[in-house]
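# Descriptive structure summary
Listed below, chain by chain, are the residues.
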Amino acid sequence: QVQPVESGGGLVQPGGSLRLSCAASGSAISILSMGWHRQAPGNQREMVATISSDGSTTNYADSVKGRFTISRDNLKNTVYLQMDSLKPEDTAVYYCYVRGIRSGTGLYTDWGQGTQVTVSS
């Protein structure tokens with residue numbers, strides 16, 4: 001298992017924007033879906049956004065629809081999360097995941113180490 005590498009978190013004021021990136025690493029026959037989850041203190045981890053292998057299908061949590069946009073670059077094996085109109089309730093640790101197929105081990109899901117997003121004035 002090779003952990004995807006996340007970047008782009010930080011502190012931003014309400015109404016501001018951030019862009020998260022997550023680069024998959026390690027060998028894979030195929031990378032399938034990718035996405036983002038988040039976990040705020042005292043809360044369970046929740047799905048934020050997912051994207052299909054070819055990028056044609058996306059899903060969002062109701063709380064972020066219209067504000068967040070997920071995309072991916074398959075040449076770079078990277079998934080992005082553009083977060084606009086951020087609210088204090090978006091404050092959380094954001095985790096990316098990569099689901100794919102590896103030779104020998106078959107279907108796998110790798111999770112990133114998490115990146116902190118804090119929305120505060």
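Above this text you will find the structure in question.
Summary of the structure given here. (Residues numbered from 1 in each chain as written. Predicted model: local features only at pLDDT ≥ 70, side-chain atom pairs only at ≥ 80, totals over all residues. Heavy atoms only, no water.)

### Quick word on the pattern of salt bridges
This is how the line gets drawn: Salt-bridge detection follows one rule: a side-chain nitrogen of Lys or Arg within 4 Å of a carboxyl oxygen of Asp or Glu. In this text, helices come from DSSP runs of H or I with a minimum length of four residues, and strands from runs of E with a minimum of two, each type numbered from the N-terminal end.
Evaluation of the coordinates by the stated rule reveals 5 salt bridges. For D90, the salt bridge is made with R38, and the minimal N-O distance between the two is 3.0 Å. Separated by 52 residues along the polypeptide, D90 in the loop between strand 8 (78-83) and strand 9 (92-102) and R38 in strand 4 (residues 30-39) bring together distant segments of the chain. Two residues, D62 and K65, come together in a salt bridge whose shortest N-O distance is 3.1 Å.

### Description of the packing of aromatic side chains
To keep it simple, the criterion reads: Pairing of aromatic rings covers Phe, Tyr and Trp, the last counted by its six-membered ring, and requires centre-to-centre distances within 6.5 Å; plane angles under 30 degrees mean stacked, over 60 mean edge-to-face, and any other angle means tilted. For each residue, the accessible area found with a 1.4 Å probe, counting protein chains only, is set against the maximum for its type, and the residue is called buried under 20%, exposed over 50%, and partly exposed in between. Working rule: Lys NZ or Arg CZ, within 6 Å of ring centre, within 35 degrees of ring normal, means a charge sits over the ring.
All chains considered together, the criterion is met by 1 aromatic pair. Between the aromatic rings of Y97 and W111, the centroid separation amounts to 5.4 Å while the plane-to-plane angle is 45 degrees, which identifies the pairing as tilted. With a gap of 14 residues between them, Y97 in strand 9 and W111 in strand 10 (residues 106-111) connect regions that are remote in the sequence. In this structure Y97 comes out as buried when scored by relative accessible area, which is 5%. Positioned over the ring face of Y95 is R45, at 3.8 Å from the centre of the ring. Taking the ring centre of W111 as reference, the NZ or CZ of R45 above it sits at 5.1 Å.

### Describing the state of the cysteines
Worth spelling out the cut-off: Note on terminology: pairs of cysteine sulfur atoms within 2.5 Å are recorded as disulfides.
Summed over all chains, the structure comprises 1 disulfide. The disulfide partner of C22 is C96, and the S-S distance across this bridge is 1.9 Å. Taking the sign of the S-S torsion, 45 degrees for the link of C22 and C96, the bridge is right-handed. Of this pair, C22 sits in strand 3 (residues 18-23) while C96 is found in strand 9, placing the two residues 74 residues apart along the sequence. Assessed through its relative accessible area of 0%, C22 is described here as buried. Using a relative accessible area of 0% as the deciding quantity, one classes C96 as buried.

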